[in-house]
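Residue-level structure breakdown
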Amino acid sequence: MAAPQQPVDTTVSRCIPNAERGRHLFEVAGHTLHKSLGAGTYIQSAAFSVGGHDWCVVYYPDGESAEGSGDYTSVFLKRVGKTTTVTQVRATYGFRLLVPPLPYTMAPTAYPPPFPTVSRVTANFNGVNSCWGLKKFVQKSLLVGYLRDDCLVIECDVTVIIGKPMLQPRYQRRYKIKEPPSDLSENLGKLLETGEGADVAFKVGEEIFRAHKIVLGARSPVFKAELYGPLGDKDREYITIEDMQPAIFKALLHFMYRDSLPEVGNLGVDEREEMAKHMLVAADRYGVDRLKVVCEGLLERRLDVNNVAATLALADQYHCSRLRDSCIEFINSLSRTEDLQASQGYAHLKRECPDIIVEIWEKGTKSRKI
C-alpha cells in the first residue's frame, strides 16, 4: 500500500502592474456646428499627461469615414509629443459620455439613460500606430440626450503601463487548512479486498475472484462488452478465464481498482520480468491501454543481450511499437552479437519473425552509413 501523501507548505508571491491612471474631460461646445463638418474631419482636445506621456482625445462628429462609421461618431486616443516615434507605450483606455444635469421641471422620463463606459481596450502606442480608438462610438441619433446647452462632454480614462510589473515582497503563509491526499484508489482497493457489494465472480485455475461489474466495465471495454453486452450470461455462477495464471489475473484486478501494479518485492529480477510480460499480454487482451504502456516501460528498462530478442518478438506480436523500436535500437547498438545470436529468443525470432531480422539489418546498415 502506498504511503499517504504529506501536506505541502505553500509559499505565495504577488505581481501587480506598475501603472499610472488618469482621466480627461473633453467638452465639445457648439456641437451642432461641428457635426456638419463631414466624415473624416475631426476636432481634438488639449494635450494632457498620464504616465509621463502626453495624450489628446480626437473626436469625429460625423464619423471617421463615410463607409465604416457614417451613422456613428468616432473617438480616438492619440499619443502626442516628440518621443512618439522612438518609444512604445502600452496603455489601456476607455471612453464614455457624461450626462449633464437636466432642469428639475422636466419629467424623470426625460433623463437619458446613463452611458456606460465602452469596454476598455489595451493597445501599443508607437511610431507606426500612435492613435487608437472607436470608429463606432455612439450613434448620432442618440446624442441629443447627452447635450446640454449644445455641449457634449466626453470622458477619456487612461491607464499607462510603466516598465516591468512590480513584485511584492515574497512571504510565506502556512495554511492551517490543508487538503488531504486523494484516497480514491485506497477505497476502491479495499472494496476489492473485502468483496463488499461484488456482483460478478471469475474462476482462474482453481481460484475464485469476486469483483464489481461497474468498475471493470468502466476500466476495460472488453469487460464492458462481456458483462453488459447481449452475449453476457447473467445466470452464470462465475466466468471462467482460460490461458491466464491466477497471480496475473489478481494483479490485473489490482490495477483496475488502484491504477497501479501490486508490490512484488518478494520476486527476483527474472520473475518480475516474466510477470511484466504476462501483464502486457493481459492488458492487450482486455484493452487496458495504460497498463500495457506501463508494462512496456518496465520491459524496456530491463533490456539486455540475453532477453532483447524474446522481448522484441513479444512486442511485435502485441503491436507495442515503442518497445519494438527500443529493442531494435538496442540490438543495433551492440558491438558484438555472439551472445545475442546464442540466446533462445534469437532462434525463435529468426524462425517466427524473419521480417524483423531483415528490418534490424536494414536499420543497422543505415546507421553505420550515417
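The following refers to the structure shown. (Residues numbered from 1 in each chain as written. Predicted model: local features only at pLDDT ≥ 70, side-chain atom pairs only at ≥ 80, totals over all residues. Heavy atoms only, no water.)

Points about helix H10 (residues 321–333)
Across its 13 residues, H10 extends 18 Å between first and last C-alpha, which sits within 8% of the 18 Å expected from 1.5 Å per residue. Of all the positions in H10, only Leu323, Arg324, Ser326, Cys327, Ile328 and Ile331 are classed as buried. (Helix = DSSP H or I, 4+ residues; strand = E, 2+ residues; numbered from the N terminus. Expected span 1.5 Å × (residues − 1). Buried < 20%, exposed > 50% of the residue type's maximum accessible area, 1.4 Å probe, protein only.)

Focus on the packing of aromatic side chains
Where two aromatic rings form a pair, the distance of their centres and the angle of their planes describe that pair. A full pass over the atoms with the stated rule returns ten aromatic pairs. Here Phe223 and Tyr286 contribute two aromatic rings whose centre-to-centre distance is 4.3 Å and whose plane-to-plane angle is 10°, an arrangement assigned as stacked. Within this pair, whereas Phe223 is found in helix H5 (residues 221–228), its partner Tyr286 is found in helix H7 (residues 269–286), the two being separated by 63 residues in sequence. Counting every residue linked through ring pairs, the aromatic cluster contains Trp55, Tyr93, Phe95, Phe125 and Phe137. (Phe/Tyr/Trp six-rings, centres within 6.5 Å; stacked < 30°, edge-to-face > 60°.)

Here we look at the environment of Phe209
Along the polypeptide, Phe209 turns up in strand E15 (residues 207–211). For the pair Phe209 and Ala198, spaced eleven residues apart in the sequence, the C-alpha separation amounts to 9.8 Å. Each residue touching Phe209, except ones within four places of it in the same chain, is listed here: Val200, Ala201, Phe202, Val204, Pro246, Phe249, Lys250 and Leu253. (Contact = heavy atoms within 4.5 Å.)

Some thoughts on the packing of H7 against helix H8 (residues 289–301)
Their axes nearest at 8 Å, the elements H7 and H8 cross at an angle of 155°. Here H8 runs roughly antiparallel to H7, going by the angle between their axes. Judged by the twist between their axes, the crossing of H7 over H8 is left-handed. Counted together, Glu273, Ala276, Lys277, Met279, Leu280, Ala283 and Asp284 of H7 and Leu291, Lys292, Cys295, Glu296, Leu298 and Leu299 of H8 form the full contact between these two elements. When its residues are assigned to classes, the contact of H7 with H8 shows eight nonpolar, no polar and five charged. (Axes fitted to C-alpha atoms, helices over the stretch in contact; angles between N-to-C directions. Parallel < 35°, antiparallel > 145°, perpendicular 65-115°, else oblique. Left-handed = near helix turned anticlockwise from the far one by under 90°. Nonpolar A, V, L, I, M, F, W, Y, C, P; charged D, E, K, R; others polar.)

Describing a negative patch on the surface
On the surface, Asp270, Glu271, Glu274 and Asp304 cluster together to form a negatively charged patch. By relative accessible area, which is 33% here, Asp304 ends up partly exposed. (Patch = residues over 30% accessible without salt bridge, like charges linked within 9 Å, V, L, I, M, F, W, Y side chains within 5 Å. Areas by Shrake-Rupley, 256 points an atom, 1.4 Å probe, with all protein chains shown as cover. Salt bridge = Lys/Arg side-chain N within 4 Å of Asp/Glu carboxyl O. Lys, Arg positive; Asp, Glu negative; His and termini not counted. Charge placed at Lys NZ, Arg CZ, Asp CG, Glu CD.)

Let's talk about the sheet that holds strand E14 (residues 200–204)
Strand order in the open sheet formed by three strands is E15-E14-E16, and the pairing between neighbours is mixed. Among the strands making up the open sheet, the edge pair consists of E15 and strand E16 (239–241). Looking at each pair of strands side by side, their axes are set apart by 30° on average, direction ignored. Across five bridges, E14 lies against E15 in antiparallel orientation. Bridge pairing links Val204 to Glu207 in E15. (Pairing = 2+ DSSP bridges.)

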